[in-house]
Amino acid sequence: PAGTPIRAIANLELSRMYQARGQPDRALSYARRRERSPRARLLAPMVRLQGELHQELGNLAAAAESFALYLHIRADPDPVLLTEVQDVRERLDEVQRAISDGSRDQ
């Protein structure tokens, strides 16, 4: 049923599966399905995955927005998440540089 952690996990895994198959559009459709649950443990991974998929599709502004939201959610991460958070910071910096470089070309 909608709103359950199982459904959220299924959406996350389906999104990752389609990403691995080279179908980022379809993967993004599953990554956008946020379940309404009091336990939103999967929100950060889903937002990070959305950012990765937007970046892969060349939607840099949307990727930057997703990565920034992820960093907001993970503003005070547990030590086990520090490497992941740093990776997203680097991705956000990369996307912002690409956006900035693109705006200079115009």
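This structure is a prediction, so every number in the text was calculated from the model and none was measured.

Peer 1: Which residues make up the packing of helix 1 (residues 5-20) against helix 2 (residues 24-31), and what are the values?
Peer 2: In the contact formed by helix 1 and helix 2, the axes pass within 7 Å of each other and the chain directions differ by 170°. Here helix 2 runs roughly antiparallel to helix 1, going by the angle between their axes. In this structure, helix 1 contributes Asn11, Leu14, Ser15, Tyr18 and Gln19 to the contact, and helix 2 contributes Pro24, Arg26, Ala27, Leu28, Tyr30 and Ala31. Split by residue class, the contact of helix 1 with helix 2 holds seven nonpolar, three polar and one charged.

Peer 1: Talk me through helix 3 (residues 43-57); I want residue IDs and the actual numbers.
Peer 2: Over its 15 residues, helix 3 runs 21 Å from end to end, which matches the ideal 21 Å to within 8%, given 1.5 Å per residue. Of all the 15 residues making up helix 3, 12 are buried; the element is thus mostly covered by neighbouring parts of the structure. Within helix 3, burial applies to Ala44, Pro45, Met46, Val47, Arg48, Leu49, Gln50, Gly51, Glu52, Leu53, His54 and Gln55.

Peer 1: Lay out the pattern of salt bridges in plain terms, naming residues and giving numbers.
Peer 2: The final tally for this structure, using the stated rule, is four salt bridges. Across the pair glutamate 52 and arginine 48 runs a salt bridge whose closest N-O atoms are separated by 3.4 Å. On the criterion of helical spacing, the pair formed by glutamate 52 and arginine 48 is a turn pair, its members being four residues apart in helix 3. Like glutamate 52, the residue arginine 48 is buried in the burial classification. Look at the salt bridges and you will find they share partners, linking Arg48, Glu52 and Glu84 into a network.

What counts and how
- Residues numbered from 1 in each chain as written.
- Predicted model: local features only at pLDDT ≥ 70, side-chain atom pairs only at ≥ 80, totals over all residues.
- Heavy atoms only, no water.
- Axes fitted to C-alpha atoms, helices over the stretch in contact; angles between N-to-C directions.
- Helix = DSSP H or I, 4+ residues; strand = E, 2+ residues; numbered from the N terminus.
- Parallel < 35°, antiparallel > 145°, perpendicular 65-115°, else oblique.
- Contact = heavy atoms within 4.5 Å.
- Nonpolar A, V, L, I, M, F, W, Y, C, P; charged D, E, K, R; others polar.
- Expected span 1.5 Å × (residues − 1).
- Buried < 20%, exposed > 50% of the residue type's maximum accessible area, 1.4 Å probe, protein only.
- Salt bridge = Lys/Arg side-chain N within 4 Å of Asp/Glu carboxyl O.

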